[in-house]
Structure formats: C-alpha cells, structure tokens
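Architecture and fold: a report
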Amino acid sequence: MAVSRRNFLKGLGAGISVLVVGGGVYRAADQGVFSAGNGPAYEPWENWRTDEAEGALRLVQSGILAANPHNSQPWRFDVMADRIDVYAETTRNIGVVDPFLREMYMGVGCALENMMLTAAATGYDAAITLMPDESDTTLAATITLTTAESVSSDLYDAIPNRHTNRGAYDQSREVPQSANEAMEALNTDADVSILWLTDEEMKTYFSEQTLAATEAFIADTQQQEDSDHWLRHDWQELQEEASGITYDAQLMGAVQTTLAKVNPRLTAEQSGPFFVAATERHLDGAREFGMLIVRDARDNVQRLNGGRLWQRIHLWATNNDIAMQPLNQLAERADREQQLGIEPTFSRVLAELVNDDEWVALMPFRFGYATQEATPSPRRDIESVLV
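This write-up is about the structure you can find in this document. In this text the structure is predicted, and so the values were computed from the model without any measurement.

Structurally, Leu-309 can be placed in helix α14 (residues 300-319). Considering only alpha carbons, one finds Leu-309 and Asp-189, 120 residues apart in sequence, at a separation of 8.8 Å. For Leu-309, the contacting residues outside a window of four places in its chain are Leu-186, Asn-187, Val-192, Ile-194 and Leu-292.

So, in structure tokens, the structure goes:
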C-alpha cells in the first residue's frame, strides 16, 4: 500500500522539519516514498493471470514472479505454440557474489516451478527436460506443451502472494514438525533434499558463522561492489530496470526506509556495515533454520531442481503463513574461496553443518512466523524477457 503524505509527515514527527528545510518532502515524492509497491515495475504482480497474455505466455507471466538471486531475474524465454525454451541469461549474473552461477541456475529453477504449476492450471500437460543441449549450457530447460484438462492447485494460487520476508519472525511461535514434514513431502528428486537445523548448538553455530561470512563478504571489495550494483536507490531507475534490491523489501520500518531513500546513495564500502547489521537482525529474528542440500552443487540439473524445490516449499509456506528468506552468505563465501584458491574456511563450516559425505550445501535459509507483511519486488514485464 502506498504511504500517504499525511501519514508520512505524521510518522516522521519532529524530524520532518529537517527534510522540509532541504526540500526533502519533494525529494521523498520523487524517490517513491509515497508510492511504495506501485508503478509499472510492480504491475506483473497484479496482472499475472489476466487474459492479456494468451496460451503459453501465461506460463511466462507466472515464471517472472519466481524467487531469484538479488532479484536479478536471470532468465529469457523463447515461446512457441507448443514449446517454451527457457534460458539462463548469464549477462544478468551477480558477479563474484555467485562466481560459479549456482544461485543463477537456482533462480531459473524457481521460474520453472511456477511455469509448470501454471501449465497444469491453464490447460496444459507439460513435459520438462532440463539442460537438453550439452553444447549450450544457457538452455536450462525445454517445456513441451499439449492441451489437457485444467488442474489448479493451492501452490498455483499462492504465486502472487509469495514474497521473501526480510523482517523479524515471531520468536514465541515454533514451526511444528508437521510443517517440516509437509515441505519434505513436496520433494520428488533423489538428488535434492532439505536439512533442518534442529539442534540448538547447531543453530547457534550456524548463526555465528553466517555473521562471520557476512563480515568476510563486505571485506571482499569486489564481492561487496558486485552485490551493491543491484541496489536500486533511485526511484526512476527502479521503475526502468524493474529488478534489483529495494529498500521497501528490507522491512526496515517507515522512518529508516524513508531516510535511506531521500539521503544520497551510500558507496558500496559505506553500505557494508548495514549489510552486517541486517544479517544480525535476520539471525536474531529467527528461531528456525534449514538448508537445501544436493549430491553435487556444480551440477546444473541439481541446481535447477533445487530451485524448483525452493519455490515449491516457499509457495506451500506462503499458504500456511510461514515466512522464508535465503541466507546465502556461507555458500557465497565458500564459492568465492574456491574461486580465489584461498583457505576454505566457510567450505569447512558448510561441511560440518551438512555432516554427510554424500551431500553438499546448496542454499541455507531461515523460516518462521512473520511479524511484518512482506512486500513485492519489482519485475520486468513479458516483453522484456522474451527471446
């Protein structure tokens, strides 16, 4: 919901005089303080199953709403009458934050899951082939379509309501074991699994090491700059790019979000401590952690299926009022260590957490009952993502 000028002035109270003196109210309007969640960049969430897109394009409408790293939306779709080729758009990779493209293929996998759910709901029998061309690693999947009876599902209905929740979670409410079991039951791939961190000592260790990985992340100039590249400080840029990390989605509170928007953009180096502080908030504001694990984290098929499972459990969680957020710092630092050939500090941490030679970490995450409603992120429209 957009913030009104009246509520904005009331919320900032005495501090607003500083903004008025500097013309801040006008800058607040220009920076989207009164328009959070509105504008062309947010329209895909509203028109995701309208009749404007027909046939196979309906699948793309839902695919673009999937979870993905840094909201980079690293996908491209070639739509034909009875087939959709889905490509990993490597030009939208997030740099040395994801040096081996682990997160990028997971994001494409999330889009594939939304598309398969939509295919069934809109009258298609869809057959999917992952990584169908050995000579083209960007061709992530081919979805072949034949007409069939429409079969909708609760997961399909959750697509426009699923958002990553970066706020605090309710510490007084424990997610029941039955919820974990229900999410496990959604998995259909023998090479992908979910590891729940249930031991309190292991949770503490995970939190401590995730914070340490975040500090190592911001100390790595290139990694921090590549991450900061996706921050959308300027409202007009946000609307034009329709991608990236926004202040609204951080759930920092009205005053802090407003100040972040109206003040000059911080440098990547300056923003680092805020990333650490946000991570502390995420870790302190959660009591439940898990990890997606796979047999081989370098295998693109397993990455895609890991993404499909993440999307599936996140949709299920959305229907059951459970909030979720990836906490990728450990895996990102482990990948960076391998890329640079340096001491494998966080690679060892992940191995200790998994504690099984047959499995490796793909993506850590937190989950719980939200205390704040998550907000949508901007999305590119269909025309922007078609081949």
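Relative to each other, helix α9 (residues 200-219) and helix α16 (residues 345-354) sit at 160°, their axes nearing to 11 Å. By the angle class used here, α9 and α16 are roughly antiparallel. When the axes of α9 and α16 are compared, the crossing they make is left-handed. In this structure, α9 uses Met-202, Tyr-205, Phe-206, Gln-209, Ala-212, Ala-213 and Ala-216 to contact α16, whose residues at the interface are Phe-346, Val-349, Glu-352 and Leu-353. Here the residues of the contact of α9 with α16 sort into nine nonpolar, one polar and one charged.

Another point: the sheet that holds strand β5 (residues 192-197). The strands making up a sheet are joined through hydrogen bonds of the backbone, oriented either antiparallel or parallel. Taken in spatial order, the four strands of this open sheet run β5-β6-β8-β7, and their pairing is antiparallel. Only two strands of the sheet have a single neighbouring strand rather than two, namely β5 and β7 (323-326). With direction set aside, neighbouring strand axes in the sheet form an average angle of 30°. The strands touched by helix α8 (residues 177-184) within the sheet are β5, β7 and β8 (360-368), with β5 carrying the most contacts at an inclination of about 165°.

This next bit is on the pattern of salt bridges. For the structure shown, the criterion picks out 20 salt bridges. The partner of Arg-83 in a salt bridge is Asp-85, and the shortest N-O contact between them spans 2.9 Å. Owing to a relative accessible area of 31%, Arg-83 belongs among the partly exposed residues under this scheme. On the basis of relative accessibility, which here comes to 5%, the residue Asp-85 falls in the buried class.

For the rest of this paragraph, the subject is the packing of aromatic side chains. Here the structure, examined in full by the defined rule, presents seven aromatic pairs. Measuring from centroid to centroid gives 5.9 Å for Phe-365 and Phe-367, while their planes differ by 45°, and the two rings are tilted. Residue classification places Phe-367 among the buried residues on the basis of a relative accessible area of 2%. Among the aromatic side chains, those forming a connected cluster through ring pairs are Trp-196, Trp-310, Phe-365 and Phe-367. Of note, Arg-298 hangs over the ring of Phe-100, and the distance from its end group to the ring centre comes to 3.7 Å. The ring of Tyr-169 is capped by Arg-366, whose NZ or CZ atom sits 3.8 Å from the centre of that ring.

Rules and cut-offs
Residues numbered from 1 in each chain as written. Predicted model: local features only at pLDDT ≥ 70, side-chain atom pairs only at ≥ 80, totals over all residues. Heavy atoms only, no water. Helix = DSSP H or I, 4+ residues; strand = E, 2+ residues; numbered from the N terminus. Contact = heavy atoms within 4.5 Å. Axes fitted to C-alpha atoms, helices over the stretch in contact; angles between N-to-C directions. Parallel < 35°, antiparallel > 145°, perpendicular 65-115°, else oblique. Left-handed = near helix turned anticlockwise from the far one by under 90°. Nonpolar A, V, L, I, M, F, W, Y, C, P; charged D, E, K, R; others polar. Pairing = 2+ DSSP bridges. Salt bridge = Lys/Arg side-chain N within 4 Å of Asp/Glu carboxyl O. Buried < 20%, exposed > 50% of the residue type's maximum accessible area, 1.4 Å probe, protein only. Phe/Tyr/Trp six-rings, centres within 6.5 Å; stacked < 30°, edge-to-face > 60°. Lys NZ or Arg CZ within 6 Å of the ring centre and 35° of its normal.

Read these as geometric descriptors, not functional statements.
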